[in-house]
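Fold and contact review
Below are the chains, spelled out letter by letter.
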Amino acid sequence: MALDIKVTRTTTPKAKPDMDNLGFGKYFTDHMFIMNYTEGKGWHDARIVPYEPIVLDPAAMVFHYGQEMFEGLKAYKTEDGRTLLFRPDKNIERANRTNERICIPTIPKEDFLDAIKAIVKTDEDWIPTNPGTSLYIRPFIIATDPVLGVRPSYTYMFIIILSPVGAYYSEGLNPVKIWIEDDYVRAVRGGVGEAKTGANYVASMKAQVKAHDEGYSQVLWLDGVYRKYIEEVGAMNIFFKINGTIVTPALNGSILPGVTRDSVIQLCKYWGVPVEEKRISIDDIFEAYQNGTLEEVFGTGTAAVISPVGELRWEDRIMPVNGGKIGAFSQKFYDTVTGIQTGKIADEHNWTVEVK
Ligand code: COI
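The following paragraphs examine the structure supplied in this document.

Definitions and limits used
The numbers attached to residues start from 1 for each chain and follow its sequence in the written order. Given that this is a predicted model, residues contribute local features only at a pLDDT of at least 70 and side-chain atom pairs are listed and counted only at 80 or more, while totals for whole chains, interfaces and linings are drawn from all residues. To get the side-chain values, take all heavy atoms of the structure and skip hydrogens and water. Salt bridges are defined by distance alone: a side-chain nitrogen of Lys or Arg within 4 Å of a carboxyl oxygen of Asp or Glu. Where helices and strands are cited, they refer to DSSP runs of H or I of at least four residues and of E of at least two residues respectively, numbered from the N terminus. The cut-offs for exposure are 20% and 50% of the maximum accessible area for each residue type, with area from a 1.4 Å probe on protein chains only; residues under the lower value are buried, those over the upper are exposed, and the others partly exposed. Each pair of strands is called paired provided DSSP finds at least two bridges between the two strands.

In total, this model carries 14 salt bridges according to the counting rule given. Linking R186 and E232 is a salt bridge whose minimum nitrogen-to-oxygen distance equals 3.4 Å. One end of the pair, R186, is in the loop between β9 (176-181) and α4 (198-202); the other, E232, is in strand β11 (residues 230-233), and 46 residues separate them in sequence. Pair check on accessibility: R186 and E232 agree, each one buried. What emerges from the salt-bridge pattern is a single network uniting K77, K121 and E124.

Another aspect to go through is unusual backbone geometry. Non-glycine residue C103 carries a positive phi angle of around 60 degrees. Relative to the elements of secondary structure, C103 occurs in the loop between α2 (88-101) and α3 (109-122). If you check the backbone angles, N243 has positive phi at about 50 degrees while not being a glycine. Within the secondary structure, N243 sits in the loop between β12 (237-242) and β13 (245-249). Owing to a relative accessible area of 56%, N243 belongs among the exposed residues under this scheme.

So, on to the pairing of strand β8 (residues 155-165). In terms of burial, β8 is a largely internal element, ten of the eleven residues being buried. As judged from the six bridges shared by strand β2 (residues 31-38) and β8, these two strands associate in the antiparallel manner. Opposite I34, over in β8, you have I159 as the bridge partner. Note that strand β7 (residues 134-143) and β8 share ten bridges and pair antiparallel. Note on β8: the bridge partner recorded for S134 is V165.

And the structure:
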């Protein structure tokens with residue numbers, strides 16, 4: 001390991017949560033990784049320390065101007081006791097693209113991977129093994145200069161925390177109902193929509209509350225200009241199966257380039273299933289629904305893996321999908337990707353990385 005990491009172990013390990021009732025992101029492991037950045041010195045003082053609150057100046061820039069980024073990936077235990085990460089290189093590349101976009105110094109990819117491996121190894125005994133569970137890894141960087149002028153910070157903290165998780169949605173793998181939002185927008189091209197930064201998520205909350213009040217679990221965003229073209233769901237990318245073809249919105253600058261999204265596309269190509277990345281309007285979807293060719297709809301994301309959609313609501317139009325049941329393609333993708341992640345299915349794509 002190239003990164004020099006000082007390890008201080010906790011003297012008071014926590015009791016593990018009930019691994020049958022984890023929910024998502026509610027429990028945290030015994031340790032966290034921290035590394036600081038100072039202009040002129042670069043990234044320094046990589047360390048693993050007991051998980052505890054961090055102390056920040058109330059003027060720290062992250063609190064005022066939101067200069068922060070985050071990532072999400074997962075670690076899994078195989079039946080023979082190995083620990084696997086799923087496509088960490090993709091998260092690291094995206095993290096550094098986010099960093100570039102919001103003026104945070106990038107982290108050398110080998111150091112980033114070393115940091116992930118080291119913290120996962122330290123808390124390896126927290127990786128849950130029940131079906132549908134995993135250890136969610138949340139790397140993030142915050143701007144720490146105690147200054148109220150608007151400019152990029154000169155100092156940062158890079159932190160990685162770990163959370164044993166179950167399904168992201170309470171529905172689990174049961175289909176969710178989705179509200180198509182045509183009033184609020186999440187992002188516009190040229191903004192930060194394709195970066196993994198908190199700003200995109202706070203922008204989504206008002207519509208999410210509205211959707212919840214209407215009995216829908218998630219919001220499907222339309223583009224910010226015409227309010228017509230499909231973008232993504234707040235915590236997921238979106239896919240449609242129309243007349244045998246898997247279609248998803250093309251990356252256009254305001255959509256998050258999801259790692260699971262990329263895995264669906266690659267698996268379709270590998271399986272010989274027709275797949276298209278293109279501009280899709282809500283009218284196209286409604287038309288497919290009306291003429292009976294809208295066969296499946298599903299969201300993809302690291303947290304959710306895959307989430308089948310059982311109903312779409314667009315203004316006063318309600319579109320039930322596949323009789324409200326998970327479709328055959330969605331199930332096949334879920335079984336394959338979770339099989340690869342947990343080492344039950346051969347990893348023919350070299351997607352997994354072992355933590356030793
Ligand atoms: C993920 O899928 O990892 C995400 O970051 C989505 C969400 C939990 C914000």
